[in-house]
Amino acid sequence: MIDKRLLDILVCPACRTPVRLEGERLICQNPECGLRYPVRDDIPVMLIQEAEKPPGKAEGRGAGGEAR
Ligand SMILES: [Zn+2]
């Protein structure tokens, strides 16, 4: 189980929005971003390259595009 206090300080590295735990994943709460980070052995993997894009999101807009 992930420590609640740890969750409180975790933010999405792509947009710096807090994430929420949903099942086995941490999901960015920014609707423009929505990246999903895996949790391995109770350790959140907060890496953009490890994150999944939200389903139904069009490529080329939104997630991952804001810093380029
Ligand atoms: Zn994000």
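Residues numbered from 1 in each chain as written. Predicted model: local features only at pLDDT ≥ 70, side-chain atom pairs only at ≥ 80, totals over all residues.

Time to look at the overall build of the protein chain. A tally of helices and strands in the protein chain yields one helix and four strands. When its helices and strands are written in sequence order, the protein chain yields α-β-β-β-β. Counting every position in the protein chain, which comprises 68 residues, the buried fraction comes to 16%. (Helix = DSSP H or I, 4+ residues; strand = E, 2+ residues; numbered from the N terminus. Buried ≥ 20, exposed ≤ 12 C-beta atoms within 10 Å, placed from the backbone.)

Time to look at the pairing of strand β1 (residues 19-22). For β1 and strand β2 (residues 25-28), the ladder comprises four bridges, and the chain directions are antiparallel. Its bridge partner lying in β2, E22 is registered against R25. What sits between the antiparallel neighbours β1 and β2 is a turn of two residues, in which G23 has the positive phi angle 65 degrees. (Pairing = 2+ DSSP bridges.)

Residue position: R40 is located in strand β3 (residues 36-40). Accessibility expressed as a C-beta count within 10 Å gives 10 for R40, which makes it exposed. Distance in space between the C-alpha atoms of R40 and E24 is 8.6 Å, their sequence separation being 16 residues.

In terms of nonpolar packing, the biggest core is built from nine residues, these being C12, A14, V19, L26, C28, C33, L35, Y37 and A51. In this structure L26 touches L10, V19, L21, Y37, V39 and P44, once residues within four positions along its chain are discounted. (Core = buried A, V, L, I, M, F, W, Y, C linked by C-beta atoms within 7 Å. Contact = placed C-beta atoms within 7 Å.)

One open sheet holds the four strands; their spatial order is β1-β2-β3-β4, and the pairing between them is antiparallel. In this open sheet, the two edge strands, each paired with only one partner strand, are β1 and β4 (43-44). Pairing of β3 with β4 involves two bridges; the strand directions are antiparallel. Its bridge partner lying in β4, R40 is registered against I43.

On to the environment of E22. Tracing the backbone shows E22 in strand β1. With 14 residues separating them in the primary sequence, E22 and R36 have C-alpha atoms 9.3 Å apart.

Moving on, we come to unusual backbone geometry. Positive phi is not limited to glycine here, since R16 has a value of about 65 degrees. Even without glycine at this site, D42 takes up a positive phi of about 70 degrees. Position of D42 among the secondary structure elements: in the loop between β3 and β4.

The values are spatial; any link to function lies outside them.
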